[in-house]
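Understanding the architecture of this molecule
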Amino acid sequence: MGLSRVLFGQLDAIGDWGLLATDADLTVTGWNRWLAVRSGVPAEAAVGRRLYDLFPDLEARGLDRYYRQALGGQTAILSQRLHKYVLPLPSPAADSGRMQQSVRVVPLVAGSVVEGTLTIVEDATERVAREADLQNRSRQQAALALSARSALAGHDIAAVCRDAVGHIAETVGADFAEALELQTDGTWAALAGTGWGPDAPEPGARGILDHDAEVVALGSGARADAELAARGVTSGLVVRIPGRGAKPFGLLAVYSRAARRFTPDEVQFARALADIVGTAAERKLLEGELRVRAEALAEADRRKDEFLAMLAHELRNPLAPVRNAVQVLRATRADDPAVVRHADLLTRQIGHMAHLVDDLLDVSRITRGKVDLRKVRVDLADLVAAAVETARPLIEARRHQLRVSLPAEPVLVEADPTRITQSLGNILTNAAKYTEDGGHIWVAAGRDGAEATVSVRDTGIGLSPEMLTRVFDLFTQESRTIDRSQGGLGIGLTLARRLVEMHGGTVRAASEGPGRGSEFTVRLPALPPGADRADRGARPEPAPTANRRLLIVDDNIDSAESMAELLALFGHNVRTAHDGRAALTAARDLRPEVILLDIGLPGLDGYEVARRIRQNPELHSTTLIAMTGYGQDEDRRKTREAGFDHHLVKPVDVDELCRILRSPPAR
Amino acid sequence: MTLSESQKDAVTELVNIAFSRTAAALSELTGNRVELNVPEVSAHPIAELIPALGRFVHGEVATVHQIFGGPVSGDAFLLLDIDGATRLVSLLAEAGAPTTQMGESAREVLAEVGNILLNACLGVFGDLLEVRFTFAVPRLHLDSLGSMIDSLMIGADEIRHSLLIGARFRVRGSEVTGCMVLVLGVTSLDLFVAAIEGWAERATRA
């Protein structure tokens with residue numbers, strides 16, 4: 001033999017392997033104990049027999065080639081991957097099957113002559129199982145990662161289920177897989193399935209997963225239902241997809257035609273996958289709920305804005321007749337000091353209320369994006385002076401010391417004077433309101449580079465750091481630390497900032513803390529020094545007052561009558577009408593020089609009345625003045641198109657009306 | 001040394017015969033059709049081997065190394081870059097990628113494939129040249145090209161030459177590029193070339 005007994009023994013001793021030696025005729029000359037134990041064939045029974053007699057299928061499986069190769073002097077490696085086994089030995093694992101082997105067939109060479117072969121057999125069963133296990137786990141992990149990615153990407157739940165079903169079928173190596181959703185009536189609806197072909201089983205009555213069970217293994221205990229059985233399913237694994245509370249969202253299942261058991265690893269994998277699907281479903285559900293809630297909030301917000309606009313509008317209407325009545329009282333009873341005093345009080349309070357209502361209306365317009373700016377070139381000092389005037393009544397009432405410092409040179413800004421005056425007025429009013437009686441207020445206007453600045457500082461209650469960030473929020477007020485309520489709606493500063501921001505400017509609040517006073521600084525883009533004050537043309541002098549024939553049309557009888565009485569006091573000849581048709585009749589009879597016409601009339605509205613008046617040649621020269629609660633550009637355009645000459649916003653400013661009446665007729 | 005044109009033709013012809021048997025062995029093993037392109041043959045001093053190898057493999061390489069002995073002795077290498085080796089192993093056995101952390105199975109598959117290719121090739125050389133080779137058990141290395149070549153130069157007491165056989169083959173439509181290198185001492189190379197010339201002469205006469 002080519003291998004001495006001593007060497008064979010030494011080789012046997014150094015490794016846990018099977019050794020099979022043959023001579024050049026492939027007759028077995030060596031058979032170690034390892035082989036004897038695993039094959040059940042003792043050495044005495046093996047030695048002396050021909051290899052192919054001992055293992056007849058070696059030739060049939062083409063493995064004789066490797067022996068020929070060895071006899072030709074070459075070593076042959078036989079990988080377990082390409083040849084599961086070489087010698088048919090029973091598997092050492094509990095289940096049946098063959099031992100997985102990795103084998104070398106080595107030529108036994110003496111001098112340069114091959115005298116035989118030595119086959120070295122290693123048991124690779126455990127290694128193969130371990131590697132397969134590792135590979136399965138890495139496949140499972142990859143599948144979980146992909147499913148998690150699909151869930152995180154926010155795909156709809158059916159797409160996430162399609163991915164999950166594909167992954168579980170492929171990774172576990174099953175024939176079918178499906179994801180079902182539990183319906184409110186307790187039946188199942190298919191979300192995704194694979195392997196069924198065009199003939200997917202009806203999921204409606206799938207009774208395979210009790211609601212309380214987490215995992216069910218079909219084939220051991222539970223049985224496939226008729227639908228599944230009809231498709232040859234004999235084993236399967238069903239896991240619950242968690243849902244809200246005790247009720248599952250659905251189930252994830254894999255099925256095989258062949259009877260098989262699922263390893264704990266595979267069960268774990270399926271549950272992890274189901275958890276991902278459950279999480280994705282929950283997330284989708286939450287997203288949906290959030291969207292509905294956001295839509296409801298937006299809708300509520302829009303209704304609130306509309307309500308505010310309506311409220312402000314409705315509050316404003318009654319103010320006009322009250323103001324008129326006060327003016328009538330004051331004019332007719334000017335000799336009674338008590339009447340004059342009370343009339344002044346009423347005027348102030350009406351002014352205050354009108355201011356609040358205007359603020360409210362403005363805020364609602366701004367939030368709905370319905371404010372138009374009429375920008376002109378204007379000196380900052382004029383704006384500050386106008387703002388001081390609006391706040392002066394309150395400042396004086398509270399006996400504050402006011403100091404105003406204005407720049408020596410004009411600082412021109414491109415701004416809507418009404419709106420900026422309103423902003424600065426609100427800030428000043430705020431300072432007056434939140435400073436104890438007899439406090440100090442400083443107003444300083446100037447230029448800071450390319451910006452016009454106005455700062456308003458006071459010795460008032462100041463602002464906490466937390467309040468500094470919220471002071472401009474709508475309906476926010478500093479907590480009422482002073483004994484009495486300061487009144488107001490908490491919209492003055494919101495409005496001030498929004499109006500300034502619409503001009504491209506900023507408003508900042510600063511305070512060293514409660515009780516330390518506060519300072520508000522307004523910054524607006526300024527025109528370069530020396531810019532022309534082009535927009536400030538001289539106003540035409542008003543013409544002398546003429547007594548005019550007037551018709552006042554308003555369905556609010558108080559409003560119409562009080563205005564008529566007031567204008568009659570100024571020497572005008574006034575008649576009233578309270579709806580469109582009466583207005584047309586009165587216009588034909590009276591031939592008024594001026595008609596004050598409310599737009600929101602019952603029956604024929606103000607536009608229609610104006611159009612018909614314009615069609616009457618006898619009334620061609622009549623001046624038409626619209627009175628309306630709406631003052632947007634769009635509203636002005638509509639009155640102009642209907643034939644009006646002027647557009648006054650309610651409550652009508654009597655001074656402005658008088659100016660129109662004094663001016664020459666428009667036509 | 002360089003090979004003369006006629007020597008190169010003779011070697012190419014010989015390698016062609018050897019490779020066709022190699023392809024047949026691979027086909028038989030895997031049950032897949034294996035197509036081989038005509039191999040490119042060149043001879044280089046070992047110090048100049050790396051640039052020449054660069055035409056076929058780059059960077060990390062999987063090398064099956066088999067030492068052979070007899071009248072002509074030396075080292076035979078099958079080199080595949082890791083990409084090619086990965087593709088080959090997955091095509092043949094789906095055993096996963098043969099990386100430095102690769103499983104025993106993937107390494108074994110690569111060793112067996114290398115063993116089949118080298119044995120088929122050297123076996124044909126032996127038969128046709130009537131030279132008897134003996135072989136050691138092949139070993140698989142996963143190294144950079146440089147360190148593999150360095151290991152050949154260390155301890156060499158004579159100038160060694162290499163016969164580079166570049167090959168491209170396709171398995172199941174995927175191309176795998178690799179090369180086979182025979183490193184021989186001067187004496188062995190002379191004997192090898194002489195044997196080839198003798199064979200070519202015999203073949204021509206026949």
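Everything numeric here is computed off the predicted structure, so don't read it as measured data.

**Topic: the overall build of chain B**
- Assigned secondary structure in chain B consists of six helices and eight strands.
- Each helix (α) and strand (β) of chain B, taken in turn from the N terminus, gives the series α-β-β-α-β-β-α-α-β-β-α-β-β-α.
- Within chain B, buried positions represent 56% of all 206 residues.
- Long-range pairs, those at least 24 residues apart, make up 73% of the contacts in chain B between residues at least 6 apart in sequence.
- Entry remark: accessible area of chain B is about 8600 Å², with carbon and sulfur atoms responsible for 50%.

**Regarding the pattern of salt bridges**
Residue and element names in this part refer to chain A.
- Taken as a whole and assessed by the stated rule, the structure comprises 31 salt bridges over all chains.
- Arg283 is the partner of Glu287 in a salt bridge, and the nearest nitrogen-oxygen pair spans 3.5 Å. With Glu287 and Arg283 both in helix α10 (residues 264–332) and four residues apart, the pair spans about one turn of that helix.
- The class for Glu287 is partly exposed, based on a relative accessible area of 30%.
- Overall, Arg283 belongs to the partly exposed group, its relative accessible area being 34%.
- A salt bridge links Asp301 to Lys304, with the nearest nitrogen and oxygen atoms 3.2 Å apart. Of the two residues, Asp301 and Lys304 are both situated in helix α10; the distance of three residues between them amounts to about one turn of the helix.
- Look at Asp301 and you get partly exposed, because its relative accessible area is 39%.

**Here we look at the domain arrangement of chain A**
- Its domain assignment divides chain A into domain 1 (5–123), domain 2 (130–287), domain 3 (372–525) and domain 4 (549–662).
- Summarising the inter-unit geometry, the C-alpha centres of domain 3 of chain A and domain 4 of chain A are found 38 Å apart.

**Remarks on the interface of chain B and chain A**
- Chain B puts 24 residues into the contact, and the matching count from chain A is 24 residues.
- The contact between chain B and chain A buries some 2000 Å² in all, and 50% of this surface belongs to carbon and sulfur atoms.
- One can count one salt bridge joining chain B with chain A.
- For Arg127 of chain A, the salt bridge goes to Glu108 of chain B, with nearest N and O atoms at 3.3 Å.
- Taken together, the links from chain B to chain A amount to nine residue pairs in polar contact (both at pLDDT 80 or more).
- Ranked by residue count, the leading element in the side of chain B that touches chain A is helix α4 (residues 104–129) of chain B, at 10 residues.
- When the residues that make up the side of chain B that touches chain A are grouped by side-chain class, the tally is 11 nonpolar, seven polar and six charged.

**Description of unusual backbone geometry**
All names here are of chain A.
- The backbone of Leu26 sits at a positive phi, close to 60°, despite the residue not being glycine.
- The residue Leu26 is located in the loop between β1 (18–23) and β2 (28–31) in this model.
- In this model, Arg591 sits at a positive phi of 50°, which is unusual for a non-glycine residue.
- One can find Arg591 in the loop between α17 (580–590) and β20 (594–598).
- For Arg591, a relative accessible area of 39% gives the class partly exposed.

**Description of the sheet that holds strand β17 (residues 518–525) of chain A**
All names here are of chain A.
- The mixed open sheet is built from five strands, whose spatial order is β12-β14-β15-β17-β16. Two strands lie at the open edges of the sheet, namely β12 (401–405) and β16 (506–511), each paired on one side alone. Mean inter-strand twist for the sheet, computed between neighbouring axes without regard to direction, equals 15°.
- Bridge count between strand β14 (residues 440–448) and strand β15 (residues 451–458): eight bridges; the pairing is antiparallel. Residue pairing for β15: Trp442 is matched across the bridge by Arg457.

**Overview of a negative patch on the surface**
- Taken together, Asp16, Glu122 and Asp123 of chain A together with Glu104 of chain B make up a surface patch of like negative charges.
- Looking at the secondary structure, you find Glu104 of chain B in helix α4.
- Residue classification places Glu104 of chain B among the partly exposed residues on the basis of a relative accessible area of 40%.

**Some details on empty space enclosed by the protein**
- Applying the stated criterion to the full structure yields four cavities of 30 Å³ or more.
- Looking at the largest cavity, the residues that line it are Phe19, Thr22, Ala23, Leu26, Leu36, Leu78, Leu117, Ala167, Phe169, Gly178, Cys179 and Met180 of chain B.
- Looking at the lining of the largest cavity, the element that brings in the most residues is helix α1 (residues 5–30) of chain B, giving four residues.
- Residue composition of the lining of the largest cavity, by class: 10 nonpolar, two polar and no charged.
- In this model, the second largest cavity occupies a volume close to 50 Å³.
- As for the second largest cavity, its lining consists of Ala320, Asn324, Ile552, Asp554, Ser559, Ala560, Met563, Met627, Lys650 and Val652 of chain A.
- Secondary-structure elements contributing two or more residues to the lining of the second largest cavity are α10 and α16 (557–569) of chain A.
- The greatest single-element share of the lining of the second largest cavity, amounting to three residues, is contributed by α16 of chain A.
- In terms of residue class, the lining of the second largest cavity is made up of six nonpolar, two polar and two charged.

**Observations regarding the side chain of Asp554 of chain A**
Residues and elements named next belong to chain A.
- Along the chain, Asp554 falls in the loop between β18 (549–553) and α16.
- Overall, the relative accessible area of 1% leaves Asp554 in the buried class.
- A polar contact is formed between the side chain of Asp554 and the backbone nitrogen of Asn556, at a distance of 2.9 Å.
- Within the structure, the side chain of Asp554 is placed 3.4 Å from the side chain of Ser559, a separation counted as a polar contact.

**Re the sheet that holds strand β3 (residues 76–78) of chain A**
Residue and element names in this part refer to chain A.
- Overall, antiparallel pairing links the five strands, which are arranged β2-β1-β5-β4-β3 in an open sheet. Sheet topology places β2 and β3 at the edges, where each strand pairs with a single neighbour. When strand polarity is set aside, the average angle formed by the axes of neighbouring strands in this sheet is 15°.
- Pairing of β3 with strand β4 (residues 101–110) involves three bridges; the strand directions are antiparallel. Paired with Ala76 across the bridge in β4 is Val105.
- Along the sheet, helix α6 (residues 64–71) makes contact with β3, β4 and β5 (113–123), crossing β5 at roughly 135°.

**Focus on a nonpolar patch on the surface**
Residues and elements named next belong to chain A.
- On the surface, Phe307, Leu311, Leu315 and Met353 cluster together to form a nonpolar patch covering roughly 340 Å² of accessible area.
- Counting residues per element, the nonpolar patch draws most heavily on α10, at three residues.
- Topologically, Leu311 is positioned in helix α10.
- When its relative accessible area of 31% is taken as the criterion, Leu311 is described as partly exposed.

**Quick word on the confidence of the model for chain A**
Residue and element names in this part refer to chain A.
- In the predicted model, chain A carries a mean pLDDT of 84, and 91% of its residues have values of at least 70.
- Between residues 480–485, whose pLDDT stays under 50, and residues either more than four places distant or in other chains, the model counts five contacts.
- When the criterion is pLDDT under 50, residues 535–544 qualifies, and its contacts beyond four places in sequence or with other chains add up to eight contacts.

**Here we look at the packing of aromatic side chains**
All names here are of chain A.
- In this structure the tally under the stated criterion is four aromatic pairs over all chains.
- When the centroid spacing of 5.9 Å and the interplanar angle of 45° are considered together, the rings of Trp196 and Tyr255 count as tilted. Of this pair, Trp196 sits in the loop between β7 (188–194) and β8 (215–218) while Tyr255 sits in strand β10 (residues 250–256), and the two are 59 residues apart along the sequence. Like Tyr255, Trp196 is buried.
- By way of ring pairs, the aromatic residues Phe176, Trp196 and Tyr255 are connected into one cluster.
- Its guanidinium or amino end placed over the ring of Tyr66, Arg65 lies 4.7 Å from that ring's centre, counting from NZ or CZ.
- Its end group placed over the ring of Trp442, Arg457 keeps NZ or CZ at 4.2 Å from the ring centre.

Reading guide: rules and limits
- Residues numbered from 1 in each chain as written.
- Chains lettered and ligands numbered in written order.
- Predicted model: local features only at pLDDT ≥ 70, side-chain atom pairs only at ≥ 80, totals over all residues.
- Heavy atoms only, no water.
- Helix = DSSP H or I, 4+ residues; strand = E, 2+ residues; numbered from the N terminus.
- Buried < 20%, exposed > 50% of the residue type's maximum accessible area, 1.4 Å probe, protein only.
- Contact = heavy atoms within 4.5 Å.
- Areas by Shrake-Rupley, 256 points an atom, 1.4 Å probe, with all protein chains shown as cover.
- Salt bridge = Lys/Arg side-chain N within 4 Å of Asp/Glu carboxyl O.
- Domains from an automatic or database assignment.
- Buried area = accessible area lost by both parts, 1.4 Å probe.
- Polar contact = N/O pair within 3.5 Å; in protein donor to acceptor, adjacent residues only side chain to side chain.
- Nonpolar A, V, L, I, M, F, W, Y, C, P; charged D, E, K, R; others polar.
- Pairing = 2+ DSSP bridges.
- Axes fitted to C-alpha atoms, helices over the stretch in contact; angles between N-to-C directions.
- Patch = residues over 30% accessible without salt bridge, like charges linked within 9 Å, V, L, I, M, F, W, Y side chains within 5 Å.
- Lys, Arg positive; Asp, Glu negative; His and termini not counted.
- Charge placed at Lys NZ, Arg CZ, Asp CG, Glu CD.
- 1 Å grid on protein atoms, 1.4 Å probe; cavity = no way out; pocket = protein on both sides within 12 Å on 5 of 7 lines; lining within 4 Å.
- Points joined across faces, edges and corners; volume = space filled by probe spheres on them.
- pLDDT = per-residue confidence, 0-100.
- Phe/Tyr/Trp six-rings, centres within 6.5 Å; stacked < 30°, edge-to-face > 60°.
- Lys NZ or Arg CZ within 6 Å of the ring centre and 35° of its normal.

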